[in-house]
Amino acid sequence: MRRITTSLSDGRDLIYFDDDATAATTSRADVKDTRDLEPTATSSGIRYDALLDEWVAVASHRQSRTYLPPANECPLCPSREGHPTEIPASDYDVVVFENRFPSFATDVELVEDGVRGGDRRPGLGRCEVVVFTSNHDLPVSQLSPQRVRLILDAWVDRTEELGRLPFVEQVFCFENRGQEIGVTLSHPHGQIYAYPFVTPRTRVMLDNARRHRERTGRDLFADRLAAELADGARVVTTSEHWVAFVPFAARWPVEVHVYPRHRVPDLPALDDDVRDDFPEIYLRVLKALDGLYDNPLPYISGWHQAPVRTDRDLASLHLEVFSVKRASDKLKFLAGSESGMGAFVNDIAPERTAAMLREQLPR
């Protein structure tokens, strides 16, 4: 892998990650952003919800972000004559750059605007875009194992670097795919959020892991993985170093968790053998997901990692992939129970989902 850092015309960072095979063919840093962009202006803040003990981000500048442009105006495609984009190079492997419309940013300050009523803080953090391929129409499920390995390298790199920022408490690497999920750009890409707090879902998992350890002396994540392997009904596929399964209490109609067989806190802690083994099982899972219905499955795929500074001995790295699609022509809407009470009702038994996915695995 070769890593080259440069900047866009408004000062945002841009990083090229190249496969070794292409590293000598071009010098990405020599290609400059020809656009005349105004410096980004962010108004990110976080507000404390005392009833739920959670932080909520308020980022009103995101209302003006780019929304579903036509393919010939895609801002994530390589730049071409007459159409400069967020990526100045005419070709690339994987690219990471600072989001122009971030939920969190490194240079925000709390504006004294007279708003009162609770605890408010600047939305310090960072949001990045990860572009998986220069090909606008090539989904992750159709990428080569070598490319998926490069994407994993980029996630590792960004997790390490963002975790060194003094105000970052957790790093979340994820992909949203499909308009049903809320995607505003159709080019294959993901995002990375570096939060100034530990996210609510992570705190719940870690609190439960702590109680499980105090009660049993064992690791909660390892016990859950062992239970899925012992039962087998919800296991989708396995490899030497990874296990993919539908969890016993899946919330979503389609939901797959991918665990390394041996616990690590985060992506940088994976050794080379485990990293090398990941692309094959991930691509098998994504191909199975895309085979379920008539059209490619809309999904969210996200890495759950340990917080940067706390409870790292309790956390266990794992990937969760889930979809709101419950049939070829039906979506699972988060209506009253889910949105109002946070109490999920799943329309499909997890064992049935696992069996459907096993039927779609590449032969």
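Scoring rules and cut-offs
Residues numbered from 1 in each chain as written. Predicted model: local features only at pLDDT ≥ 70, side-chain atom pairs only at ≥ 80, totals over all residues. Heavy atoms only, no water. Helix = DSSP H or I, 4+ residues; strand = E, 2+ residues; numbered from the N terminus. Buried < 20%, exposed > 50% of the residue type's maximum accessible area, 1.4 Å probe, protein only. Contact = heavy atoms within 4.5 Å. Lys, Arg positive; Asp, Glu negative; His and termini not counted. Charge placed at Lys NZ, Arg CZ, Asp CG, Glu CD. Phe/Tyr/Trp six-rings, centres within 6.5 Å; stacked < 30°, edge-to-face > 60°. Lys NZ or Arg CZ within 6 Å of the ring centre and 35° of its normal. Pairing = 2+ DSSP bridges. Axes fitted to C-alpha atoms, helices over the stretch in contact; angles between N-to-C directions. Parallel < 35°, antiparallel > 145°, perpendicular 65-115°, else oblique. Left-handed = near helix turned anticlockwise from the far one by under 90°. Nonpolar A, V, L, I, M, F, W, Y, C, P; charged D, E, K, R; others polar. 1 Å grid on protein atoms, 1.4 Å probe; cavity = no way out; pocket = protein on both sides within 12 Å on 5 of 7 lines; lining within 4 Å. Points joined across faces, edges and corners; volume = space filled by probe spheres on them.

Quick notes on the overall build of the protein chain
Counting its secondary structure elements, the protein chain contains seven helices and 16 strands. Summarising its shape, the C-alpha atoms of the protein chain cover approximately 60 × 55 × 40 Å along the three principal directions. When burial is assessed residue by residue, the protein chain has 52% of its 363 residues classed as buried. When contacts within the protein chain are restricted to residue pairs at least 6 apart in sequence, those whose partners lie at least 24 apart make up 68%. For the protein chain, the distance from the average position of its 44 positive side-chain charges to the average position of its 57 negative side-chain charges is 4 Å.

Focus: the packing of aromatic side chains
Within this structure, the stated rule accounts for 17 aromatic pairs. Seen from their ring centres, Phe132 and Trp155 are 6.5 Å apart, and the 85 degrees between their planes marks the pair as edge-to-face. A residue pair is termed long-range when its members are at least 10 positions apart, and Phe132 in the loop between β7 (126-131) and α2 (145-163) and Trp155 in helix α2 qualify at 23 residues. Each member of the pair, Phe132 as well as Trp155, is classed as buried. Between Tyr193 and Tyr195 the ring centres are 5.7 Å apart and the planes differ by 65 degrees, which places this aromatic pair in the edge-to-face class. Positioned above the aromatic ring of Phe344, the side-chain terminus of Arg251 is 5.8 Å from the ring centre.

Here's the deal with the sheet that holds strand β9 (residues 189-195)
Hydrogen bonds between backbone atoms are what pair the strands of a sheet, whose relative direction is either parallel or antiparallel. Spatial strand order, β1-β2-β5-β7-β9-β8-β13-β14-β12-β11-β10: eleven strands in an open sheet with antiparallel pairing. For this open sheet the edge positions go to β1 (2-7) and β10 (235-238), each flanked by a neighbour on one side alone. Pairwise comparison of adjacent strand axes, ignoring direction, gives a mean angle of 20 degrees for this sheet. Here strand β13 (residues 299-304) pairs with strand β14 (residues 318-323) via five bridges, running antiparallel. If you follow His304 over to β14, its bridge partner there is His318.

Topic: the environment of Ala194
Of note, Ala194 is situated in strand β9. Once the C-alpha coordinates of Ala194 and His257 are considered, the two residues, 63 residues apart in sequence, prove to be 22 Å apart. Excluding its chain neighbours within four sequence positions, the residues that come into contact with Ala194 are Phe104, Gly125, Arg126, Leu162, Val168 and Gln170.

A short note on the pairing of strand β3 (residues 45-49)
For β3 and strand β4 (residues 54-58), the ladder comprises five bridges, and the chain directions are antiparallel. Bridged to Asp49 within β4 is Glu54. Turn length for the β3-β4 hairpin, with the two strands adjacent in sequence and antiparallel, is four residues, and the turn residue Asp53 shows positive phi of about 55 degrees. Across three bridges, β3 lies against strand β6 (residues 120-122) in antiparallel orientation. In the strand pairing of β6, Arg47 is matched with Arg120.

Details of the packing of α2 against helix α5 (residues 272-290)
Remark: α2 packs on α5, axes separated minimally by 9 Å, with the N-to-C direction vectors making an angle of 125 degrees. For the element pair α2 / α5, the angle class is oblique. For the pair α2 and α5, the crossing hand works out as right-handed. The residues of α5 that touch α2, namely those facing Pro145, Val148, Arg149, Leu152, Asp153, Trp155 and Val156, are Asp272, Arg275, Asp276, Phe278, Pro279, Glu280, Tyr282 and Leu283. Partitioned by chemical class, the residues of the contact of α2 with α5 number nine nonpolar, no polar and six charged.

Some words on the layout of surface pockets
Roughly 340 Å³ of volume is contained in the second largest pocket. Contributing to the lining of the second largest pocket are 18 residues, with Arg177, Gly178, Gln179, Ser186 and Pro296 lying nearest its centre. With three residues, the top contributor of residues to the lining of the second largest pocket is strand β8 (residues 170-177).

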